[in-house]
Amino acid sequence: MATHKPGKLVKAALEKAVDKVTELVNPPIPGAPASEPPSLEEPTEPRGPLPPKPDQKGPETVTPTGAPTGAPQASMAQQGEFLTTSAGARLRDTDHSLKAGERGPTLLQDHHLREKVMHFDHERIPERVVHARGYGAHGVFVGYGTAANVCMARFLGDGVETPVFVRFSTVLGSRGSADTVRDTRGFATKFYTSEGNFDLVGNNIPVFFIQDGIKFPDVIHAGKPHPDREIPQAQSAHDTFWDFVSTHTEATHHVMWNMSDRGIPRSYRTMEGFGVHTFRLVNAEGETALAKFHWKPKLGVHSLVWEEAQMLGGFDPDFHRRDLADAIESGAYPQWELGLQVMPDTPRQTFEGIDLLDPTKIVPEELAPVQPVGMLTLNRNPSNYFAETEQVAFHLGNLVPGIDVTDDPLLQARLFSYLDTQLTRLAGPNFNQIPINRPHVPVNDMFRDGYHQHAVHAGVAPYRPNTLDGGNPFVAKPEDRPLVEVAQPLPKAVKVREAPASFADHFTQPRLFWLSLSPTEKDHLVDAFTFELGKCYEQAIKERELQVLAQVDPVLCERVALGLGLPAPAAARTRKVAPSPALSQLGQTWPADGRMIGIVVDPADLDGVRTVRETILAGGMVPLLIAPTGGPIGDSGLVAQRTFLTARSVEFDALLVTGGVADPRVDLMIQECFRHAKAIGAWGAGRAVVDAAGCTGEGVVTGDDASKVFGAVATLLGGHRVWNRFPAAVS
């Protein structure tokens, strides 16, 4: 048996230490496709599968019935050195069908051809009807213990760590649509708690288009592509959508949010999340309260500008998923604080005149502050998109002790719909046995058989009561903390298809939202309405929506009418409402973690580049060097990650210009950053390049000292963009 000499072991350890130090000083740019760089030639020496990248993690290794296996996660991936059939037989060739002679014909007995093509033919499962375009990540939720007075759920306890999987998504588009379309975003979180799975299935907008789930097919049919031409894809800028929302005015509040900057988030990492509905919480004493769930991003709430969103649809339709994956890979783990708005559980289930069962209404944070109860951190990318992100199945009925539903009519319908849809998508009732959906606690449900049954059930008595299986499973007693629906008294009533009178106010809260926005945000909202309605063919639909906007605010209506070239309807009487500052995205400063900084370099003039690059890395940001060509930049030891051909402004949060490179593509990049209100810095010969592009004024920092220039740019990044570069048209 061969042995290593001590000298070789020491040398190997030193080389490993040097590699680690090099990585810490010069961390890799995220986006490498595999855990090891490829060789130039195709490998021929058999070896096992490569491990996943350090940023990747698969589902926990539990059995279909929730028992931990103790097996490493790699045991769930492909195994061995050799290609095999699905039954494990090694194969010597997968490039040629079995034929009668080298010129054929192909033989029916080729079992490998049959298996390979059969599996390929069935790789796709039906995509989600809504939220088809999504991306997910693993993480951990840590409770603060501050919710104990209102909720007895154990995962909210002080210091309790709970594994989670989060899926972000758009609503309208297909799986092949772009990330940056104007749309509502899904924000669905699966908590693998010690009391069973809890699914918080929300959006980045706190209200919804409809008040009753029976209308969900209507609003989605209206928003989807027209059924005759199957266009437009992943857009609401068309006649059927605006026909519906202009005649169904309960949608107005959600439409206002969707047309605001919230409809085009900068990143999943800079997006709020909301549970939308009101839930009922129960504490250890059995006392109840009503509550709304909020996710608050640590990086603040930021959005794209509309031109960026359009450009990214062509340059990088995967922008949001790439941004999230790269941030996690580079160690800039996104975080959100979970908060609760808590209201008394009164018989009428209202608060400050707001009906808490109406999903088109919010409770302003000034009336019910959001109380932090825990922190979510996403720290691992999936190791397989299909197995995890595509097959994850959420359900609002996945509740834990301490959290119950209310009579919100949209929520009630969702409780039915989410289970029903999995039967088609995931081919049967056993979808909770798919690894990403498995609870991390024991499961003994007495369900049997069905498509894709992974568990091998023992016993002979899958019924209760029984004696043949020793009475197992037993129902839980109160001290065992079972899931108990709150015994809520019901009013004396008759069966009706009606809504409460309080649901009829469709315009007060949209007006509240409008009045709470900054002038810049109002400008953007006006532009969004003008663009979307301008894409409609029928004049009557545009005029009808203007009548709706007249009910919200006369200035809003007049500005949109002006852009459409139509007369504004007479202003309606509007209610006096106090603005809610919490609804505006602007006016604060936020961390710059994970921000992308483009650095345009001249290979002949690298003064200050190395120092600034190290400063950016030390600040938790990602520097991307942009040069005329890719690869090493001379003998400087620096490497260009982007070229003038492959780089565009939409990838960067700020741009630094360090040398006197004359190129029209650089001019375009600078001008786009300027138009999109991003910070720009230049030193040395780079100042002349920025001047030549015609970009001066607010947020353009120039000087001789590279570190001072970047310091000023970093300060501007705290506000996300330099909005005062362009005076707002709406006060």
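Look up a bit, the structure's there.
Residues numbered from 1 in each chain as written. Predicted model: local features only at pLDDT ≥ 70, side-chain atom pairs only at ≥ 80, totals over all residues. Heavy atoms only, no water.

J.: Go over the sheet that holds strand β20 (residues 700-703), please, and point to the residues and values.
T.: By way of backbone hydrogen bonds, the strands of a sheet pair with one another, either parallel or antiparallel. Spatially, six strands are ordered β17-β14-β13-β18-β19-β20 in an open sheet, and the strand pairing comes out parallel. The sheet is open, and its two borders are formed by β17 (642-643) and β20, each paired with just one other strand. Sheet topology places strand β18 (residues 654-657) next to strand β19 (residues 679-683); four bridges connect them, and they run parallel. Bridge pairing links L656 to G681 in β19. With respect to the sheet, helix α15 (residues 664-675) is in contact with β13 (596-600), β14 (622-627), β18, β19 and β20, its orientation differing from that of β18 by roughly 140°. Contacts between helix α17 (residues 706-717) and the sheet are confined to β13, β18, β19 and β20, with β19 contributing the most and set at about 175° to the helix. (Pairing = 2+ DSSP bridges. Helix = DSSP H or I, 4+ residues; strand = E, 2+ residues; numbered from the N terminus. Contact = heavy atoms within 4.5 Å. Axes fitted to C-alpha atoms, helices over the stretch in contact; angles between N-to-C directions.)

J.: Break down the packing of helix α10 (residues 508-516) against helix α11 (residues 519-534) for me, citing the residues and quoting the values.
T.: Between α10 and α11, the least distance of the axes is 8 Å, while the angle of their chain directions is 125°. Between α10 and α11, the crossing angle belongs to the class labelled oblique. Mapping the contact onto sequence places F513, W514 and L515 in α10 and K522, L525 and V526 in α11. (Parallel < 35°, antiparallel > 145°, perpendicular 65-115°, else oblique.)

J.: Account for helix α9 (residues 409-425), naming residues and giving values.
T.: Along its 17 residues, α9 runs 25 Å from first to last C-alpha, staying within 8% of the 24 Å computed at 1.5 Å per residue. By the burial criterion, the buried members of α9 are L410, L411, R414, Q422 and R425. Where α9 is buried, its residues meet β4 (196-203) and α8 (385-390). Looking at where α9 begins, the residue whose side-chain oxygen comes 2.8 Å from the main-chain nitrogen of L410 is D408. Positive phi appears at A427, one or two residues downstream of α9, with a value of about 60°. (Expected span 1.5 Å × (residues − 1). Buried < 20%, exposed > 50% of the residue type's maximum accessible area, 1.4 Å probe, protein only. Polar contact = N/O pair within 3.5 Å; in protein donor to acceptor, adjacent residues only side chain to side chain.)

J.: I'd like a description of the environment of V164, backed by residues and values.
T.: Along the chain, V164 falls in strand β2 (residues 161-170). Residues V164 and P59, 105 residues apart in the sequence, show an inter-C-alpha distance of 9.9 Å.

J.: Give me helix α6 (residues 306-315): which residues, what numbers.
T.: Within the sequence span of α6, burial applies to E308, A309, M311 and L312. For α6, the buried positions fall inside an angular range of 165° around the axis, keeping them on one side. The secondary structure elements touched by the buried residues of α6 are α7 (319-329) and α15. (Arc of directions from axis to C-beta.)

J.: Please give an account of the pairing of β2 that cites residues and values.
T.: With eight of its 10 residues buried, β2 lies for the most part within the structure. Relative to strand β3 (residues 185-193), β2 runs antiparallel, the two sharing seven bridges. In the strand pairing of β3, F165 is matched with K190.

J.: Summarise the pairing of strand β1 (residues 134-143); cite the residues concerned and give the values.
T.: Successive residues of a regular strand alternate their side chains across the two faces of the sheet. Most of β1 sits out of view: nine of its 10 residues are buried. Strand direction decides the pairing type here: β1 and β2, joined by nine bridges, are antiparallel. Pairing of G139 across the sheet is with V164, part of β2. Two strands pair when backbone bridges link them, and β1 and strand β11 (residues 371-380) are joined in this way by six bridges, in the antiparallel orientation. Each bridged residue has a counterpart across the sheet, and for G143 the counterpart in β11 is G374.

J.: An account of a nonpolar patch on the surface is needed here, citing residue identities and associated values.
T.: A cluster of nonpolar side chains, contributed by V460, Y463 and L468, occupies part of the molecular surface with about 320 Å² of accessible area. Along the chain, V460 falls in the loop between α9 and α10. (Patch = residues over 30% accessible without salt bridge, like charges linked within 9 Å, V, L, I, M, F, W, Y side chains within 5 Å. Areas by Shrake-Rupley, 256 points an atom, 1.4 Å probe, with all protein chains shown as cover. Salt bridge = Lys/Arg side-chain N within 4 Å of Asp/Glu carboxyl O.)

J.: Tell me about the environment of N472, and name the residues and values.
T.: Within the secondary structure, N472 is located in the loop between α9 and α10. Here the alpha-carbon distance between N472 and N444, two residues 28 residues apart in the chain, equals 8.9 Å. At 3.0 Å, the side chain of N472 and the side chain of N444 are in polar contact.

J.: Any details on the pattern of salt bridges? Residues and values, ideally.
T.: This model, assessed by the stated rule, comprises 32 salt bridges. Put simply, K296 and E272 hold a salt bridge, and the shortest N to O gap is 2.7 Å. One end of the pair, K296, is in strand β7 (residues 288-297); the other, E272, is in the loop between α5 (252-259) and β5 (273-274), with 24 residues separating them in the sequence. We classify K296 as partly exposed; its relative accessible area is 22%. Between R675 and E307 there is a salt bridge whose closest N-O contact spans 3.0 Å. Of the two residues, R675 sits in helix α15 while E307 sits in helix α6, which places them 368 residues apart along the sequence. On the accessibility criterion, R675 (41% relative accessible area) is partly exposed.

J.: Please provide a residue-by-residue account of the packing of α5 against α10, values included.
T.: Following both chains from N to C, one finds α5 and α10 inclined at 20°, their axes separated by 8 Å at the closest point. Taken together, the axes of α5 and α10 lie roughly parallel to each other. For the element pair α5 and α10, the recorded crossing hand is right-handed. Residues T252, H253, M256 and W257 of α5 touch α10, and the partners they reach there are Q509, P510, F513 and W514. Here the residues of the contact of α5 with α10 are counted per class, giving five nonpolar, three polar and no charged. (Left-handed = near helix turned anticlockwise from the far one by under 90°. Nonpolar A, V, L, I, M, F, W, Y, C, P; charged D, E, K, R; others polar.)

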